Amino acid sequence: MSYIKKKVLMLSGILILIHFSVSAQDPATVKIMPFVKSNEFCNQCHIAEEVSSYKGRTTESCSIYCISCHKDVGAHHKVDVIMTEKIPQDMKFRSNRITCFTCHDLKKRRFDTTAWKSESLFESFFSQKSIYKTYYLTIKNNDGKLCKKCH
């Protein structure tokens, strides 16, 4: 095996290890949304017994908590709306309601080296980005793949 092939294999292995060793709680996410690490924020609305039932699931935040900062979310997509159509099996809903975590997973990394949303032709050719926001999407939304799960 050539020297270059060995280096490429070694680099690939290191990248795979890094990918799987990344914490489920990205430090950049914890910094801007501390509730992903702590249930203490849930105590503002929920009783202690209810909060303890969500232990370990803090990334399944209530939409009210998300909307407290993301006030313009209604212009983007409605939340807490009951799904009347068939619910996709691989998506999360709370009592058949669309919530923020239906499309967003705060366990995802905040940034990636590839685009997570569709880009214009101009952006794809002329953008000099080396890092892209993931928007914490559950899956990449290139070509509207995520949106098409329900629409």
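Asker: When you look at the overall build of the protein chain in this model, what are you seeing that I'm missing?
Answerer: Each helix and strand counted, the protein chain has 7 helices and 4 strands in total. The helix and strand sequence of the protein chain, counted from the amino end, reads α-α-α-α-α-β-β-α-β-α-β. The proportion of buried residues among the 151 residues of the protein chain is 25%. Put simply, of all contacts in the protein chain between residues at least 6 apart along the chain, 50% involve residues at least 24 apart. Carbon and sulfur atoms make up 62% of the accessible area of the protein chain, which amounts to about 11,200 Å² in all.

Asker: Explain the layout of surface pockets to me, please; I cannot follow it from the model alone.
Answerer: The method is simple in principle: a probe with the dimensions of a water molecule rolls over the atoms, and the space it marks as empty is what remains. Its volume calculated, the largest pocket comes out at about 1,100 Å³. In terms of lining, the largest pocket is formed by 37 residues, of which the most central are H70, V73, H76, H104 and Y135. Mapped onto the lining of the largest pocket, the elements with two or more residues apiece are α4 (63-69), α5 (73-76) and α6 (100-103).

Asker: Where do I start with the nonpolar core in this structure?
Answerer: Counting residues in hydrophobic clusters, the biggest one holds 7 residues: M83, M91, F93, I98, W116, L137 and L146. L137 has contacts with C103, H104, D105, K108, W116 and L146, leaving out every residue within four places of it along the chain. Residues M33, V36, L106 and Y136 belong to the second largest nonpolar core, which totals 5 residues.

Asker: Explain the side chain of T102 to me, please; I cannot follow it from the model alone.
Answerer: Note on placement: T102 falls in helix α6. With relative accessibility at 2%, the residue T102 sits in the buried group. A polar contact of 2.9 Å, which involves the side chain of T102, links it to the backbone nitrogen of T99. Sequence-distant contacts of T102, defined by excluding residues within four places in its chain, comprise M91, K92, F93, R97 and T138.

Asker: Quick question: what am I supposed to make of the confidence of the model for the protein chain here?
Answerer: Interpretation of the predicted coordinates at a detailed level should be avoided for regions scoring low in pLDDT. Model confidence for the protein chain is summarised by a mean pLDDT of 75, while 79% of its residues fall at 70 or above. Here helix α1 (residues 3-21) is the element of the protein chain with the lowest mean pLDDT, 52, and strand β3 (residues 111-112) is the one with the highest, 89. Note that pLDDT drops below 50 for residues 15-23; the model gives that stretch 1 contact with residues more than four away or on any other chain.

Asker: I tried to follow unusual backbone geometry on my own but got confused; where do I start?
Answerer: A negative phi angle characterises most non-glycine residues, just as the trans form characterises most peptide bonds. A positive phi is found at D80, a non-glycine position, where the angle reads about 60°. Mapped onto the elements of the fold, D80 is located in the loop between α5 and β1 (81-82). Look at Y135: it is not a glycine, yet its phi comes out positive at around 60°. Judged by relative accessible area, Y135 falls into the partly exposed class, the value being 38%.

Asker: Can you help me understand the state of the cysteines in this one?
Answerer: Each disulfide consists of one covalent bond between the sulfur atoms belonging to two cysteines. Taken as a whole, this structure holds 0 disulfides when the rule is applied. The cysteine C100 is free of any disulfide, with C66 supplying the nearest cysteine sulfur at 3.8 Å. Exposure remark for C100: the relative accessible area of 11% places this residue in the buried category. Looking at C147, it has no disulfide partner, and the nearest cysteine sulfur is the one in C103, 7.0 Å off. We classify C147 as partly exposed; its relative accessible area is 40%.

So, how was this worked out
Residues numbered from 1 in each chain as written. Predicted model: local features only at pLDDT ≥ 70, side-chain atom pairs only at ≥ 80, totals over all residues. Heavy atoms only, no water. Helix = DSSP H or I, 4+ residues; strand = E, 2+ residues; numbered from the N terminus. Buried < 20%, exposed > 50% of the residue type's maximum accessible area, 1.4 Å probe, protein only. Contact = heavy atoms within 4.5 Å. Areas by Shrake-Rupley, 256 points an atom, 1.4 Å probe, with all protein chains shown as cover. 1 Å grid on protein atoms, 1.4 Å probe; cavity = no way out; pocket = protein on both sides within 12 Å on 5 of 7 lines; lining within 4 Å. Points joined across faces, edges and corners; volume = space filled by probe spheres on them. Core = buried A, V, L, I, M, F, W, Y, C linked by side-chain atoms within 4.5 Å. Polar contact = N/O pair within 3.5 Å; in protein donor to acceptor, adjacent residues only side chain to side chain. pLDDT = per-residue confidence, 0-100. Disulfide = S-S within 2.5 Å.

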